[in-house]
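Spelled out, the chains give:
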Amino acid sequence: MQQTFAVEATPYMLRLYVAGQTPKCMRAFSNLKRICEQYLTNRYQIEMIDLQGNPALARRDQILAVPTLVRRLPEPVRKIIGDLSNTQRVLAGLDLSSDVV
């Protein structure tokens with residue numbers, strides 16, 4: 001299962017790796033959507049990759065745990081592991097904390 005949710009003008013390209021529709025993975029997606037809508041309105045693209053159907057895709061971004069969020073753009077690539085429930089940690093991980101005041 002690979003889903004892409006795009007919004008016009010996409011300087012933040014995010015990839016969320018999950019393994020099925022577990023509560024933790026669905027919570028990570030929900031938290032990510034909420035954070036993006038609040039802090040990156042019209043500036044993001046989310047690609048959700050389900051490793052259950054094709055675990056070999058984990059090699060591309062060296063994924064060791066799920067859920068894992070990978071910020072592909074802007075560079076450098078950054079990773080956040082977990083359900084993304086700590087908004088401040090996610091903002092710092094995305095290097096957005098200085099943009100949001």
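As shown above, the structure is provided for reference.
Below: a short report on this structure.

About the thresholds
Residues numbered from 1 in each chain as written. Predicted model: local features only at pLDDT ≥ 70, side-chain atom pairs only at ≥ 80, totals over all residues. Heavy atoms only, no water. Core = buried A, V, L, I, M, F, W, Y, C linked by side-chain atoms within 4.5 Å. Buried < 20%, exposed > 50% of the residue type's maximum accessible area, 1.4 Å probe, protein only. Helix = DSSP H or I, 4+ residues; strand = E, 2+ residues; numbered from the N terminus. Contact = heavy atoms within 4.5 Å. Pairing = 2+ DSSP bridges. Salt bridge = Lys/Arg side-chain N within 4 Å of Asp/Glu carboxyl O. Expected span 1.5 Å × (residues − 1). Arc of directions from axis to C-beta.

Considering the nonpolar core
Piece 1. In this structure, Leu16, Leu32, Leu69 and Leu84 are the most contacted members of the largest nonpolar core, which totals 21 residues.
Piece 2. At the level of secondary structure, the elements contributing two or more residues to this core comprise β2 (12–18), α1 (23–39), β3 (44–50) and α2 (87–93).
Piece 3. The dominant element in this core, judged by the number of residues it contributes, is α1, at 6 residues.
Piece 4. Excluding its chain neighbours within four sequence positions, the residues that come into contact with Leu84 are Leu16, Ala28, Asn31, Leu32, Arg34, Ile35, Leu69 and Val90.

Thoughts on the pairing of strand β4 (residues 68–73)
Piece 1. Examined bridge by bridge, β2 and β4 share 5 bridges and lie antiparallel to one another. The residue bridging Arg15 from the neighbouring strand is Val70, located in β4.
Piece 2. Both β4 and strand β5 (residues 78–81) contribute to a ladder of 4 bridges, which runs antiparallel. Across the sheet, Thr68 pairs through a bridge with Ile81, a residue of β5.
Piece 3. Here β4 folds back onto β5, and the loop between the two strands holds 4 residues.

Side note on the pattern of salt bridges
Piece 1. Inspection of every chain in the model, using the stated rule, returns 5 salt bridges.
Piece 2. Residues Asp95 and Arg78 are paired through a salt bridge, measuring 3.9 Å at the closest nitrogen-oxygen approach. Residue Asp95 is located in the segment after α2, and its partner Arg78 is located in strand β5; the two are separated by 17 residues in the primary sequence.
Piece 3. One salt-bridge network, in which partners are shared between bridges, spans Arg15, Glu47, Asp61 and Arg72.

A word on α1
Piece 1. In a regular helix each residue adds 1.5 Å, so 17 residues correspond to 24 Å; α1 covers 24 Å between its end C-alpha atoms and thus fits that length.
Piece 2. Among all positions of α1, only Cys25, Ala28, Phe29, Asn31, Leu32, Ile35 and Cys36 are buried. In an axial view of α1, the angular spread of the buried residues amounts to 165°, which keeps them on one side of the axis. Residues Pro23 and Gln38 are exposed on α1 and point more than 90 degrees away from its buried face.

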